[in-house]
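Chain by chain, the residues:
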Amino acid sequence: MRKKMKKQKVFGPITIMLVVLVVIMLVSFIMSLLGVQADKTVINNGVLETSLTTVNNCLSVDGIKYLFGNTILNFQMFKPLVMMIISLIAFGIADTSGLLQIIFKPLRKMKASTITLLVVLFGFISSVFGEYSFVILLPLVGLVYKYIGRNSVLGIITMFLGITLGYASGLFFNYEHYLLGTLTTVAATIDVDPNYIYNNLSTLYIMVGSMIIMVPIISKLIDVQIAPKFKRPLIEESDMGISKKGLVYSTVAFLIMSIIVVYMITPGLPGSGILLNQSGETYIAKLFGETAPFQEGFMLIFLVVTMVCSFIYGRLSKNLETSQGFTEGLSKCLQNSGYLLALMFFASQMIAILEWTNLGEFLVCKIVEMLSLLQISGVLLIAIFFILVIIMTLFLPSSLAKWSVVSPLIVPLFMRANITPDMTQFVFQVADGIGKSITPLFAFFIVLLGFMHNNNADEEYSISIFGTIRLVLPTVLIVAVFWILLIAVWYLAGFPLGISGSSVL
């Protein structure tokens, strides 16, 4: 990674995505020509329904019509794009105002290993915000590492691994956890236990326990295997003004706005709860449901809070003395983002076309077929399922899309092997996060590459898809082994998974 970029020898991410796109088209053509099929079992209106799933030919008339007719729509519907732009606007003004520098400058006194530990820990905890954690924390950590004299690219990779490898762990469950739980409940009740109900707190103990165990392990692996490949840059002393008064006023503004937001998401008080979707059955659904105002407006809230606090600090510190300086600050992080936008465009086409061909779902269905025929149980069943979910995720990163196909057959299979649905879902979520950390078909892996490129000063490191995967793969594989061991020990010891949750029926 320390070698200067050699453009003639390094295939950039866009080139690789174009190659992958061509491969997807050719594979879809060949498999469609061969007429391959797989059984797909889903639950429809409380009944198990099995149908044949096939691969759509991208080189057919319909495929070519889709390719040309949906190019703009695919880019418009690529959710990470809008989230990323808003995030860059927010951090642009926060950086220009000097607010982030005064907040994080004290971290220079901390040991590098302690910083890594904190970043990974925040990655685990941030899973409560779902996908927002990627577009907020990746650029934030890049800036923080720059302020404290560590390599920004290293910080971004560290945070990405913290989020993905700990996506099923942490202190809180997220909305995706809740949605997976609803599918788990239906899969368990339809064929085995009609009285089963998934409890979101049923895996709380193993979530917290695994976080305590895995965070130091992941941090140590990053420090030993990844960090040495990045040289430590010289700390550039900033000439920005420092204002303790500005920091105090910004903090007060932040607290006031936070109280207002909390009031707007708190039900039951006079005039409160206006950012909640009142039709949701649970609070997490009201807060993060697809039509919930808070979920839809989360990035706007983040942007407004950041702009207000940055404006206050910038004016009092005289880092933003004019309205023009404020306006230019908003666009600071967008000035060198052309490559990032190009990445998003080609990624949106690659992911959309893969989804249209049905290749990912076809592969998942085949793996589920194979797994359902295995006559094994206990730890061996858990380990094989864990590995197969990682493989599934490489080609179908969407957790809900996978679980809707996997759960109808696998949850009952595990229950008949005396393994609870709670444990089955937890294993699935852990393996799903590990798979996402190493697949370029995961949208936020492409976001990772984009932020790495933006923070790659003077093109010091070669940023490529396979280069990044090679960099993190040893760490990811070792973490996967530790996860399997931890889950196996928890299962064999019979420790409770959480509140009213166990690993054994």
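Procedures and definitions
- Residues numbered from 1 in each chain as written.
- Predicted model: local features only at pLDDT ≥ 70, side-chain atom pairs only at ≥ 80, totals over all residues.
- Heavy atoms only, no water.
- Helix = DSSP H or I, 4+ residues; strand = E, 2+ residues; numbered from the N terminus.
- Rg over C-alpha atoms; globule rule 2.2 N^0.38 Å.
- Contact = heavy atoms within 4.5 Å.
- Areas by Shrake-Rupley, 256 points an atom, 1.4 Å probe, with all protein chains shown as cover.
- Lys, Arg positive; Asp, Glu negative; His and termini not counted.
- Charge placed at Lys NZ, Arg CZ, Asp CG, Glu CD.
- Core = buried A, V, L, I, M, F, W, Y, C linked by side-chain atoms within 4.5 Å.
- Buried < 20%, exposed > 50% of the residue type's maximum accessible area, 1.4 Å probe, protein only.
- Expected span 1.5 Å × (residues − 1).
- Axes fitted to C-alpha atoms, helices over the stretch in contact; angles between N-to-C directions.
- Parallel < 35°, antiparallel > 145°, perpendicular 65-115°, else oblique.
- Left-handed = near helix turned anticlockwise from the far one by under 90°.
- Nonpolar A, V, L, I, M, F, W, Y, C, P; charged D, E, K, R; others polar.
- Disulfide = S-S within 2.5 Å.
- Patch = residues over 30% accessible without salt bridge, like charges linked within 9 Å, V, L, I, M, F, W, Y side chains within 5 Å.
- Salt bridge = Lys/Arg side-chain N within 4 Å of Asp/Glu carboxyl O.
- Polar contact = N/O pair within 3.5 Å; in protein donor to acceptor, adjacent residues only side chain to side chain.

1. A short note on the overall build of the protein
Secondary structure assignment for the protein yields 22 helices and two strands. Here the C-alpha atoms of the protein give a radius of gyration of 24 Å, agreeing with the 23 Å that 2.2 N^0.38 yields for 505 residues. Dimensions along the principal axes, computed over C-alpha positions, put the protein at roughly 70 × 55 × 45 Å. Within the protein, counting contacts between residues at least 6 apart in sequence, those at least 24 apart form 80% of the total. When the accessible surface of the protein is totalled, it reaches about 22500 Å², and 67% of it is carbon and sulfur. One way to put it: in the protein the 30 positive side-chain charges average out to a point 14 Å from where the 25 negative ones average out.

2. Quick word on the environment of serine 127
Note on placement: serine 127 falls in the loop between helix H6 (112–125) and helix H7 (132–147). Each C-alpha atom of the pair serine 127 and phenylalanine 230 lies 27 Å from the other, and the pair is 103 residues apart in sequence. The residues touching serine 127, leaving out its near neighbours within four places in the chain, are Gly166, Tyr167, Ser169, Phe172 and Asn174.

3. Overview of the nonpolar core
A general tendency of soluble globular proteins is for nonpolar side chains to be buried together. If you look at the biggest cluster of nonpolar residues, it comprises 151 residues, and the most contacted ones within it are Leu161, Met344, Phe385, Phe386, Ile434, Phe445 and Trp483. Apart from residues no more than four positions distant in its own chain, methionine 344 is found in contact with Phe75, Phe78, Leu81, Met84, Ile446 and Val447. One finds Leu99, Val305, Cys309 and Tyr313 within the second-largest nonpolar core, a separate group that totals seven residues.

4. Regarding helix H16 (residues 338–357)
Residue pairs three or four apart in sequence face the same way in an α-helix, which turns once every 3.6 residues. Between its terminal C-alpha atoms H16 stretches 29 Å, which fits the 28 Å expected from 20 residues at 1.5 Å a residue. Of the residues flanking the end of H16, it is asparagine 358, one or two places downstream, whose phi is positive at about 75°.

5. Digging into the packing of helix H9 (residues 175–191) against helix H19 (residues 399–416)
Where H9 meets H19, the axes come as close as 8 Å, and the angle between the chain directions of the two elements is 40°. With respect to H19, the element H9 is oriented oblique. Pair H9 / H19 crosses with right-handed handedness. Of H19, the residues touching H9 (which contributes Glu176, Leu179, Leu180, Leu183, Thr184, Ala187, Ala188 and Asp191) are Ser399, Leu400, Trp403, Ser404, Ser407, Pro408, Val411, Pro412, Met415 and Arg416. Across the contact of H9 with H19, the residue classes break down as 11 nonpolar, four polar and three charged.

6. Re the packing of H6 against helix H8 (residues 152–165)
Viewed as axis vectors pointing N to C, H6 and H8 meet at an angle of 40°, and their least axial separation amounts to 7 Å. As judged from the angle between their axes, H6 and H8 are oblique. Along this stretch, H6 crosses H8, giving a crossing that reads as right-handed. Judged by residue contacts, Thr116, Val119, Val120, Phe122, Gly123 and Phe124 of H6 engage Gly155, Thr158, Met159, Gly162, Ile163 and Leu165 from H8. For the contact of H6 with H8, the residue count by class is seven nonpolar, five polar and no charged.

7. A look at the state of the cysteines
Using the criterion set out here, one finds zero disulfides in the structure. For the unlinked cysteine cysteine 58, the closest cysteine sulfur is that of cysteine 365, found at 19 Å.

8. So, unusual backbone geometry
Even without being glycine, asparagine 358 reaches a positive phi, approximately 75°. Considering the arrangement of structural elements, one finds asparagine 358 in the loop between H16 and helix H17 (359–373). Positive phi values are uncommon outside glycine, yet asparagine 418 reaches one of about 75°. As for its placement among the helices and strands, asparagine 418 is situated in the loop between H19 and helix H20 (421–436).

9. Thoughts on a nonpolar patch on the surface
A cluster of nonpolar residues, Val22, Leu26, Phe29, Ile30, Leu33, Leu34 and Leu59, forms a patch on the protein surface that exposes about 680 Å² of accessible area. One can find leucine 59 in the loop between strand S2 (47–54) and helix H2 (61–69).

10. Quick notes on the side chain of serine 97
By secondary structure assignment, the location of serine 97 is in helix H4 (residues 79–97). The class for serine 97 is buried, based on a relative accessible area of 0%. Only 3.0 Å separates the side chain of serine 97 from the backbone oxygen of alanine 94, close enough to count as a polar contact. Only 3.2 Å separates the side chain of serine 97 from the backbone nitrogen of leucine 99, close enough to count as a polar contact. If near-sequence neighbours (up to four positions away) are discounted, serine 97 is found in contact with Met240, Ser310, Tyr313, Gly314, Ser317, Asn319 and Leu320.

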